[in-house]
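Chains, contacts and geometry: an overview
Now for the letters of each chain:
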Amino acid sequence: MSNDTDVTSGRRFGQSTRRTFLGGLGATAGIGALTGLGEARGRGGGALSSASYYVVRSDGCGPNGNGTTGRGGWWNRGSERDHDEGGVGYLVLEAGSGRVAFSTDGTAEAAFQYAFDELASSGGTVVAGGSDFRFAGPATIGDDTALVGQQGTRFVVAGGEDSATSDEPSGHDLIRTRGDDVTIAGIEFDANGTQLDNHAIQADDCDGLLVANNRTVDGFQMAISFSRCTNVQVVGNEVLDPNWYGITARAAADELDLRRSENVVVARNYVAGVTYNNIATYNVSNFTVYGNVAEDGGHSLIACSPAQQGAIVGNVCRDLEEYAPDPGGEAGIEIEYKETHVREEIAGTPLARSFDITISGNQVDNCPVGILSRTVPADSDDESARETERPYSFTVTGNAISDAADAGIRIRSGEAGVVATNTVRNSPAPIEVDETYAVDIQQGLNATRE
């Protein structure tokens, strides 16, 4: 897979930011509109690289509104029959020349797939115009590609299928990422009410992934999902009302679910209205979850299960209403070993347990439990697992917890932990440590107030 550092792509940790025709991700909002015969121009007015494409929605008219074809109109490298002049279609413009390289009627996935596939081997950028794009199926991104939206860009699931086993309609993924060094930014993803078997963005087996400043609304089983990925940044997204998970290392497809990822940053996102976990770094090592706002969830709002060598710092977690709670209840923030989250490839290894986790400087309000450490075996009667598989070597310091109805900090099982300098207000059990299954837990300087 390409590692050319002179083309548009996502950003690897430790590497300099790659040059893009956008002049950096921060220039996304300044991308120019189509001018003249449809030539896409960047923030400074210069023509964009010929290694890039602009995908736009068309209502069957040429650039002068006359429905013409040819070099000065809607020229199509493929068949003209692919475009329905009387209805909505989608056009792929060559950024360097402004010519239409591809057009299609119906739904948008073919246009985006064409643009992704036709980028040079060194990579490039696909810019989506500021319109609605209806997808009847997913489009898949390969190596060294940036997909960038403009103000008003929306990717919408076109219809859905009624599930035979559920009242919730099934949908489909919108964007799949299957390459290294990928950026997805500035797009609203709309599930159109579909709730199962779909993601807004699903990344698998990627090295170098940046998902930034997107918005997901009105469904998705899991909004932003990554599996078997390294060097991941999920930053500045707004995730509203997904069905199961918001930002997660889980996946709707079993073959991708709970696959290990490494070097992950989840930062400055807003995630709300979730049935299960708002942010779930499951089977992740070397991770940071910081500066997020997670609210209105049904299971622990931020959870790692299992996870290693990570920090959960400076987040705001609030308003959790339990949905089918696991033993010990649900929390604003959770460190967990859960046997059903452990796949065969890590079972019995150190990677099956959670360790070296720091939870610091978070604000947790109105959750049944503020911060929780626990072990959940597949067999609820297997109490021995709470000794052999408990989280260990964790630090819980400097957190502010308010209105925890069951317990402020609950260590249901754990080993070699530190719980210190936290403030717990208005909880019947400010610090609760189960001395049968929690050993060597050092406590000090915690403050409790009514």
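Cut-offs applied
- Residues numbered from 1 in each chain as written.
- Predicted model: local features only at pLDDT ≥ 70, side-chain atom pairs only at ≥ 80, totals over all residues.
- Heavy atoms only, no water.
- Helix = DSSP H or I, 4+ residues; strand = E, 2+ residues; numbered from the N terminus.
- Patch = residues over 30% accessible without salt bridge, like charges linked within 9 Å, V, L, I, M, F, W, Y side chains within 5 Å.
- Areas by Shrake-Rupley, 256 points an atom, 1.4 Å probe, with all protein chains shown as cover.
- Salt bridge = Lys/Arg side-chain N within 4 Å of Asp/Glu carboxyl O.
- Lys, Arg positive; Asp, Glu negative; His and termini not counted.
- Charge placed at Lys NZ, Arg CZ, Asp CG, Glu CD.
- pLDDT = per-residue confidence, 0-100.
- Contact = heavy atoms within 4.5 Å.
- Core = buried A, V, L, I, M, F, W, Y, C linked by side-chain atoms within 4.5 Å.
- Buried < 20%, exposed > 50% of the residue type's maximum accessible area, 1.4 Å probe, protein only.
- Pairing = 2+ DSSP bridges.
- Axes fitted to C-alpha atoms, helices over the stretch in contact; angles between N-to-C directions.
- Polar contact = N/O pair within 3.5 Å; in protein donor to acceptor, adjacent residues only side chain to side chain.

To continue, consider unusual backbone geometry. Residue Pro 306 is reached from Ser 305 by a cis peptide bond, and omega for that bond is -20°. As for its position among the elements, Pro 306 is in the loop between β28 (302–304) and β29 (307–313). A positive phi is found at Asn 192, a non-glycine position, where the angle reads about 55°. Of note in the backbone geometry, Gln 309 takes a positive phi value of approximately 50° without being a glycine. Mapped onto the elements, Gln 309 comes out in strand β29.

Side chains of Asp 218, Asp 241, Asp 296, Asp 319 and Glu 321 sit close together on the surface and give a patch of like negative charge. Mapped onto the elements, Asp 296 comes out in strand β27 (residues 293–297).

A few words now on the confidence of the model for the protein. Here the protein averages 85 in pLDDT, while 81% of its residues score no lower than 70. Across residues 1–50, confidence stays below pLDDT 50; counting only partners more than four residues off in sequence or on other chains, it has 105 contacts. Every residue in residues 61–86 scores below 50 in pLDDT, and together they form 51 contacts with partners more than four places removed in sequence or on other chains.

Take the nonpolar core next. Grouped burial of nonpolar side chains is what soluble globular proteins tend to show. Core analysis: the largest hydrophobic core is formed by 78 residues, its most contacted members being Phe 112, Leu 147, Phe 155, Ile 175 and Phe 189. Counting residues per element, this core draws most heavily on helix α1 (residues 109–118), at five residues. Those residues in contact with Phe 155, other than ones at most four positions away along the chain, are Phe 112, Ala 128, Phe 133, Phe 135, Leu 147, Leu 174, Ile 175, Ile 187, Glu 188, Phe 189 and Asp 190.

Reading across the sheet, the 11 strands line up as β8-β13-β16-β19-β22-β25-β28-β31-β34-β37-β40 and stay open at both edges, with parallel pairing between neighbours. On the outer flanks of this sheet lie β8 (139–141) and β40 (431–433), each paired with one strand and no other. Recorded for the sheet is a direction-independent mean angle of 20° between the axes of neighbouring strands. The strands touched by α1 within the sheet are β8 and β13 (175–177), with β8 carrying the most contacts at an inclination of about 20°.

Here Asn 399 is to be found in the loop between β35 (395–397) and β36 (400–402). A polar side-chain atom of Asn 399 sits 3.0 Å from a polar atom in the side chain of Asn 422. Filtering out sequence-adjacent residues up to four positions away, Asn 399 remains in contact with Ile 359, Ser 360, Gly 361, Asn 362, Ile 371, Thr 421, Asn 422 and Thr 423.

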